[in-house]
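Observations on chain architecture
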Amino acid sequence: MRWRHYHPADQCRRRLIVGVLQHDLSIEVAAKNYTLLTIGDGLVAQIPALVISTAAGIVVSRVSSDENIGQQLVGSYSSNRRSSC
């Protein structure tokens, strides 16, 4: 059995039709719900990447010293250093 690949616009139309016909929503409400859910899903999918990249940045920029990473972070954020840029 071969899977048929649908164009994203076709999938969008199908989801709107399901919202209108099966859930008795108006076109405006179905489009609003679909848009909010799609954008929310995209944002939620990016959260793990943000956490991993932030952790990697902290580990890479960590200075070798006798302080643990918690002490270094507190010292880094509590100092009043200004960037030269």
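Residues numbered from 1 in each chain as written. Predicted model: local features only at pLDDT ≥ 70, side-chain atom pairs only at ≥ 80, totals over all residues. Heavy atoms only, no water.

Turning to the overall build of the chain, a few remarks are in order. Looking only at helices and strands, one finds three helices and zero strands in the chain. Order of helices (α) and strands (β) in the chain, N terminus to C terminus: α-α-α. Taking all 85 residues of the chain together, 4% fall into the buried category. With the model as given, the accessible surface of the chain reaches about 7,900 Å², and the carbon-plus-sulfur share is 61%. (Helix = DSSP H or I, 4+ residues; strand = E, 2+ residues; numbered from the N terminus. Buried < 20%, exposed > 50% of the residue type's maximum accessible area, 1.4 Å probe, protein only. Areas by Shrake-Rupley, 256 points an atom, 1.4 Å probe, with all protein chains shown as cover.)

Another aspect to go through is helix α2 (residues 27–61). The end-to-end C-alpha distance of α2, which contains 35 residues, comes to 51 Å, matching closely the 51 Å that a straight helix rising 1.5 Å per residue would cover. Maximal helix bending in α2 amounts to about 25 degrees, located at I47; proline P48 follows within four positions. (Expected span 1.5 Å × (residues − 1). Bend = angle between axes of the 7 residues up to and from the residue.)

Looking now at the confidence of the model for the chain. When the pLDDT values of the chain are averaged, the result is 78; 76% of them are 70 or greater. Helix α3 (residues 69–78) is the least confidently modelled element of the chain, averaging 75 in pLDDT, while α2 averages 85, the highest of any element. (pLDDT = per-residue confidence, 0-100.)

What follows deals with unusual backbone geometry. Phi is positive for D24, which is not a glycine, with a value near 55 degrees. If you trace the backbone, D24 turns up in the loop between α1 (8–21) and α2. Exposure remark for D24: the relative accessible area of 67% places this residue in the exposed category.

The next point concerns the environment of C12. Among the structural elements, C12 can be located in helix α1. Taking the C-alpha atoms as reference points, C12 and Y34, separated by 22 residues in sequence, lie 8.3 Å from one another.

Residue placement: L73 occurs in helix α3. Residues L73 and I58 lie 15 residues apart in sequence; the distance between their C-alpha atoms is 8.7 Å.

Attention now goes to a nonpolar patch on the surface. The grouping of V44, I47 and V51 at the surface amounts to a nonpolar patch, some 280 Å² of accessible area in total. Among the structural elements, I47 can be located in helix α2. Exposure remark for I47: the relative accessible area of 46% places this residue in the partly exposed category. (Patch = residues over 30% accessible without salt bridge, like charges linked within 9 Å, V, L, I, M, F, W, Y side chains within 5 Å. Salt bridge = Lys/Arg side-chain N within 4 Å of Asp/Glu carboxyl O.)

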